[in-house]
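Residues per chain, in single letters:
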Amino acid sequence: MRPFKHPAASELSLERVLYALSDSIRLDIVRHLARVEAATCGELDGGRPKSTVSHHFKVLREAGLVFTKNNGTNHINSLRRADIESRFPGLLAAILTQQTRDAE
């Protein structure tokens, strides 16, 4: 498998990040990745069709929120927390904190 393309931290745009987070499925993926070091696509698919999940991961990668690497036949995903924090200080924490408050 060929490696995935990821934007550099300096190329991240607020519009793309917010667009990626505007979808509840993608937001759930980011929330899950915020709680773990890394997860496979299968752990994050929620029983959805592979084509749908692939689309959501592509949007997250292109926005710079997720880093995906190949490990054999698995795709291992992690949250680009440090890159997001360096480019948009406090944004991810605010979004994740808001979810915690909404759940209460």
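Going by the structure above, here's the rest.
Residues numbered from 1 in each chain as written. Predicted model: local features only at pLDDT ≥ 70, side-chain atom pairs only at ≥ 80, totals over all residues. Heavy atoms only, no water.

A. Geometry of the layout of surface pockets. In this structure, the largest pocket encloses a volume near 310 Å³. Taken together, 15 residues make up the lining of the largest pocket; nearest its centre are Cys-41, Lys-50, Val-53, Ser-54 and His-75. Among the elements of the structure, α3 (41-44), α4 (50-63) and β3 (74-79) are those that each provide at least two residues to the lining of the largest pocket. The element that contributes the greatest number of residues to the lining of the largest pocket is α4, accounting for five residues. Class assignment of the residues belonging to the lining of the largest pocket gives a composition of four nonpolar, seven polar and four charged. In terms of lining, the second largest pocket is formed by Met-1, Arg-2, Pro-3, Phe-4, Lys-5, Lys-58, Arg-61, Glu-62, Asn-70 and His-75. It is α4 that contributes the most residues to the lining of the second largest pocket, three residues altogether. (1 Å grid on protein atoms, 1.4 Å probe; cavity = no way out; pocket = protein on both sides within 12 Å on 5 of 7 lines; lining within 4 Å. Points joined across faces, edges and corners; volume = space filled by probe spheres on them. Helix = DSSP H or I, 4+ residues; strand = E, 2+ residues; numbered from the N terminus. Nonpolar A, V, L, I, M, F, W, Y, C, P; charged D, E, K, R; others polar.)

B. Structural view of α4. Spanning 14 residues, α4 covers 20 Å between terminal C-alpha atoms, matching the ideal 20 Å at 1.5 Å per step. Those residues of α4 that fall on the buried side of the exposure criterion are Val-53, His-56, Phe-57, Val-59, Leu-60, Arg-61 and Ala-63. Those residues of α4 that are buried lie in contact with α1 (14-21), α2 (24-35), α3, β2 (66-71) and β3. Trailing α4 by a residue or two, Gly-64 shows a phi angle of about 90 degrees, which is positive. (Expected span 1.5 Å × (residues − 1). Buried < 20%, exposed > 50% of the residue type's maximum accessible area, 1.4 Å probe, protein only. Contact = heavy atoms within 4.5 Å.)

It is worth stressing that arrangement in space is one thing and function is another; only the former is reported here.
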